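Notes for the structure review
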Amino acid sequence: IVYCAEEIDNSQLSKIYIADSTTFNIERKSVLSEKVNSITTNCFGKELTLIPYYLWSNRGTGEMKVWFNREKE
């Protein structure tokens, strides 16, 4: 499954960097009427939530991002 960050859950998608040492958490989340696994983490003080790509743009129009810049610490 491909995951993406959606603007409705995250702000300033273009400014998100993920460090090599970043750890991720899997959480159950309701998106529309579907229970799915979401991936969350904290990237340089910003909360990041990823949802399955197939659910993108079902909660309104907004930006989406699949690939993120890598930041070495």
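Our subject is the structure that appears above.
Counting restarts for each chain, with residues numbered from 1 along the sequence as it is written. Local features are withheld for residues below a pLDDT of 70 in this predicted model, meaning they are given only at 70 or higher, and side-chain atom pairs are given and counted only at 80 or more; totals for whole chains, interfaces and linings count all residues. The side-chain numbers reported here are obtained from all heavy atoms of the structure, hydrogens and water having been left aside.

1. Considering the sheet that holds strand β6 (residues 64-65)
Spatially, β3-β4-β5-β1-β6 is the arrangement adopted by the five strands of the open sheet, whose pairing is antiparallel. With partners counted over all chains shown, the strands left at the sheet margins are β3 (25-31) and β6, one partner each. Note on pairing: two strands pair once DSSP finds at least 2 bridges between them. Strands are runs of DSSP state E lasting at least 2 residues, helices are runs of H or I lasting at least 4, and numbering of each runs from the N terminus. Taken together, the five bridges between strand β4 (residues 34-43) and strand β5 (residues 46-52) define a ladder with antiparallel strand orientation. By the bridge assignment for β5, Cys-43 is matched with Lys-46.

2. Side note on the side chain of Lys-65
Among the secondary structure elements, Lys-65 is positioned in strand β6. Within the buried core, Lys-65 has no salt-bridge partner, and the shortest N-O distance to an opposite charge, that of Glu-63, equals 7.2 Å. Here a polar contact means two N or O atoms within 3.5 Å. Within protein one must be a hydrogen donor candidate and the other an acceptor candidate, and residues neighboring in sequence count only if both atoms are side-chain atoms. Only 3.5 Å separates the side chain of Lys-65 from the backbone oxygen of Leu-13, close enough to count as a polar contact. Any two residues whose heavy atoms approach within 4.5 Å are treated as being in contact. Once residues within four sequence positions are removed from consideration, Lys-65 is found in contact with Cys-4, Ala-5, Leu-13 and Ser-14. Burial here depends on accessible area, computed with a 1.4 Å probe over protein chains only, as a share of the maximum for the residue type. Under 20% is buried, over 50% is exposed, and the range in between is partly exposed. By the counting rule applied here, Lys and Arg register as positive and Asp and Glu as negative, while His and the ends of each chain are not counted. In what follows, salt bridge is the name for a side-chain nitrogen of Lys or Arg lying within 4 Å of a carboxyl oxygen of Asp or Glu.

3. Comments concerning the pairing of strand β1 (residues 3-6)
Every second residue of β1 is oriented toward a common face, with Tyr-3 and Ala-5 on one face and Cys-4 and Glu-6 on the other, all of them buried. Relative to β5, β1 runs antiparallel, the two sharing three bridges. By the bridge assignment, Cys-4 is partnered in β5 with Ile-51. With two bridges connecting them, β1 and β6 associate as antiparallel partners. Residue Glu-6 lies in a different strand from β6, and its bridge partner there is Met-64.

4. Quick notes on the pattern of salt bridges
Using the criterion set out here, one finds four salt bridges in the structure. The closest approach of N and O atoms between Arg-59 and Asp-9, which form a salt bridge, is 2.7 Å. Pair noted here: Arg-59 is in the loop between β5 and β6 and Asp-9 is in the loop between β1 and β2 (17-19), with a separation of 50 residues, a long-range link. Residue Arg-59 is classed as partly exposed on the basis of its relative accessible area, which comes to 25%. Salt-bridge contacts for Asp-20 lead to Arg-70; the nearest nitrogen and oxygen are separated by 2.7 Å. With a gap of 50 residues between them, Asp-20 in the loop between β2 and β3 and Arg-70 in strand β7 (residues 69-71) connect regions that are remote in the sequence. Taken together, the shared-partner salt bridges in this structure form one network comprising Glu-6, Asp-9, Lys-29 and Arg-59.

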